[in-house]
Amino acid sequence: MNLHPVTIALIAANILVSLKGFNNPSFFERYKFSIGAIRAGQRERTFTSGFLHVDSAHLFLNMFTLYFFADVVINWLGPIKFLMIYGISLLAGSLLALFFHRDEPYYSAVGASGAVTGVLYAAILLQPDMRLALMFIPIPFPAYILGIAYLLYSIYGMKTRIGNIGHTAHFGGAVGGYVVTLLFRPEVIGSHPIMVLLLALPIILLFILEKMGKI
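An account of the accompanying structure is given in this report. (Residues numbered from 1 in each chain as written. Predicted model: local features only at pLDDT ≥ 70, side-chain atom pairs only at ≥ 80, totals over all residues. Heavy atoms only, no water.)

Quick notes on the packing of helix α9 (residues 167-184) against helix α11 (residues 193-211)
To keep it simple, the criterion reads: Orientation is described by lines fitted to C-alpha atoms, with helices fitted over the stretch in contact, and by angles between N-to-C directions that extend from 0 to 180 degrees. The way it works is that DSSP assigns letters per residue, a run of H or I at least four long becomes a helix, a run of E at least two long becomes a strand, and they are numbered from the N terminus. Oblique is the label for any angle not under 35 degrees, not over 145, and not in the 65 to 115 range, which are roughly parallel, roughly antiparallel and roughly perpendicular in turn. Here a crossing is taken to be left-handed if its near helix is turned anticlockwise relative to the far helix by less than a right angle, and right-handed if that turn runs clockwise. Whether two residues touch is decided by their heavy atoms; if any such pair falls within 4.5 Å, the residues are in contact. The residue classification treats Ala, Val, Leu, Ile, Met, Phe, Trp, Tyr, Cys and Pro as nonpolar and Asp, Glu, Lys and Arg as charged. All others, Gly included, are polar.
One can describe the packing of α9 onto α11 by two numbers: an axis separation of 11 Å at closest approach and a directional angle of 135 degrees. One element, α9, and the other, α11, form an angle in the oblique class. Judged by the twist between their axes, the crossing of α9 over α11 is left-handed. Across the interface between the two elements, F171, V175, Y178 and L182 from α9 touch V196, L199, A200, P202, I203 and L206 from α11. Taken together, the residues of the contact of α9 with α11 sort by class into 10 nonpolar, no polar and no charged.

So this is what it looks like as structure tokens:
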């Protein structure tokens, strides 16, 4: 698989910044996502945190996913729009985390998961016949079914705080990828309206639950 230079550059940037964070705790602490620090004015953390990871397994999982789906989006939209989806999804994940955890000054997070999830959802929208399989369920499913299931799991994770996972950033990234991809390719709505609607339902559900104070 010949990766686009932009994909290689993003993977390299994540690896280099993450390695710096592994070896320099003060660097890691200075640039991670932190509600208290962001509210104190260090807004760059909403972006820089997306290139830091807690350990090599966390880094590998995100880069492994990016490896498989980045070039799908680049092949459809080109490198500039791909980078816009990546960056907007990263920031959308941070902003949603900032919104939902605004009263938790000690809440912190790192990782490219929001950006990578946005790329994954862009790939699903652009190539809806794509089929995915999970390692523990080796049966291919339509990609959008797994996408919906993942968003519903993220809502559950946000509600129960299950695991040491930034579910909010994942969800925000998915929303960013979904919205920006439809802005770039609105014809997807006409060609696959049911899929587009189904992918929107968990997003609508999240904000209904938030309004009701259930999350």
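Here we look at a nonpolar patch on the surface
Rules: Residues forming no salt bridge and having over 30% relative accessible area are the ones grouped into patches, like charges within 9 Å of each other and nonpolar side chains (Val, Leu, Ile, Met, Phe, Trp, Tyr) within 5 Å. Shrake-Rupley sampling with a 1.4 Å probe provides the accessible areas, and residues are treated as covered by the protein chains on show and by no other component. One side-chain nitrogen of Lys or Arg within 4 Å of one carboxyl oxygen of Asp or Glu is enough to make a salt bridge.
There is a patch of nonpolar side chains on the surface, built from L197, L201, I204, I208 and M212 and spanning about 480 Å² of accessible area. Inspection of the secondary structure puts L197 in helix α11.

Overview of the environment of Q42
Stated precisely, the cut-off is as follows: Distance and chemistry together define a polar contact, namely a pair of N or O atoms within 3.5 Å, with one atom able to donate a hydrogen and the other to accept it when in protein, and with adjacent residues in sequence counting only for side-chain atoms on both sides.
Within the secondary structure, Q42 is located in the loop between α3 (35-39) and α4 (45-48). With 12 residues separating them along the chain, Q42 and R30 place their C-alpha atoms 9.3 Å apart. With residues up to four places along the chain from it excluded, the contact list for Q42 reads R30 and A37. At 2.6 Å, the side chain of Q42 forms a polar contact with the side chain of R45.

Details of helix α6 (residues 79-100)
Here is the rule: The span expected for a helix works out to 1.5 Å for each residue beyond the first. Buried means the residue's accessible area, taken with a 1.4 Å probe over protein chains only, is under 20% of the maximum for its type, while exposed means over 50%, and partly exposed covers the values in between.
Along its 22 residues, α6 runs 31 Å from first to last C-alpha, staying within 8% of the 32 Å computed at 1.5 Å per residue. Where α6 is concerned, the buried positions are F82, I85, Y86, G87, S89, L90, G93, S94, L96, A97 and F100.

Some details on the nonpolar core
Note the cut-off: Among buried residues, those of type Ala, Val, Leu, Ile, Met, Phe, Trp, Tyr and Cys that are joined through side-chain atoms within 4.5 Å constitute a nonpolar core.
Counting 52 residues, the largest nonpolar core has L66, V73, F82, Y86 and F171 as the members making the most contacts within it. For this core, the secondary structure elements donating two or more residues are α1 (5-23), α5 (56-77), α6, α7 (113-126), α8 (143-160), α9 and α11. Considering every element that reaches this core, the biggest residue donor is α7, with 10 residues. Each residue touching F82, except ones within four places of it in the same chain, is listed here: V6, L10, L66, A70, V73, I74 and V119. In this structure, F33, I38, A97 and Y107 belong to the second largest nonpolar core, which totals five residues.

A short note on the side chain of T46
Within the element layout of this structure, T46 appears in helix α4. Apart from the residues lying within four places of it in its own chain, the contact partners of T46 are F33, I38, L90, L91 and S94.

Examining the packing of aromatic side chains
The following threshold applies: The rule is short: rings of Phe, Tyr and Trp, with Trp giving its six-membered ring, pair when the centres are within 6.5 Å, and they are stacked under 30 degrees, edge-to-face over 60, tilted in between. In our convention, an over-ring charge means Lys NZ or Arg CZ found within 6 Å of a ring centre and within 35 degrees of that ring's normal.
Tallying each qualifying case throughout the model produces eight aromatic pairs. For the pair F33 and Y107, a centre-to-centre distance of 6.2 Å together with 85 degrees between the ring planes defines the contact as edge-to-face. Of this pair, F33 sits in strand β1 (residues 33-34) while Y107 sits in the loop between α6 and β2 (108-109), and the two are 74 residues apart along the sequence. Each ring, one from F99 and one from F100, has its centre 5.2 Å from the other, and the planes form 85 degrees; the classification is edge-to-face. Under the relative-accessibility criterion, F99 is labelled partly exposed at 35%. A relative accessible area of 15% places F100 in the buried class. Grouping aromatic residues by their ring pairs yields a cluster made of F60, F64, Y67 and F68. It is K20 that lies over the ring of F27; its NZ or CZ is 5.6 Å from the centre. Against the face of F99 rests R102, its NZ or CZ located 4.5 Å from the ring centre.

Side note on the packing of α6 against α9
Look at α6 against α9: their axes get within 7 Å of each other, and the N-to-C directions meet at 140 degrees. The angle between α6 and α9 falls in the class oblique. As α6 runs across α9, the sense of the crossing is right-handed. For the pair formed by α6 and α9, the contact residues are K81, M84, I85, I88, S89, A92, G93, L96, A97 and F100 on the first element and T168, A169, F171, G172, G173, G176, G177, V180, T181 and F184 on the second.

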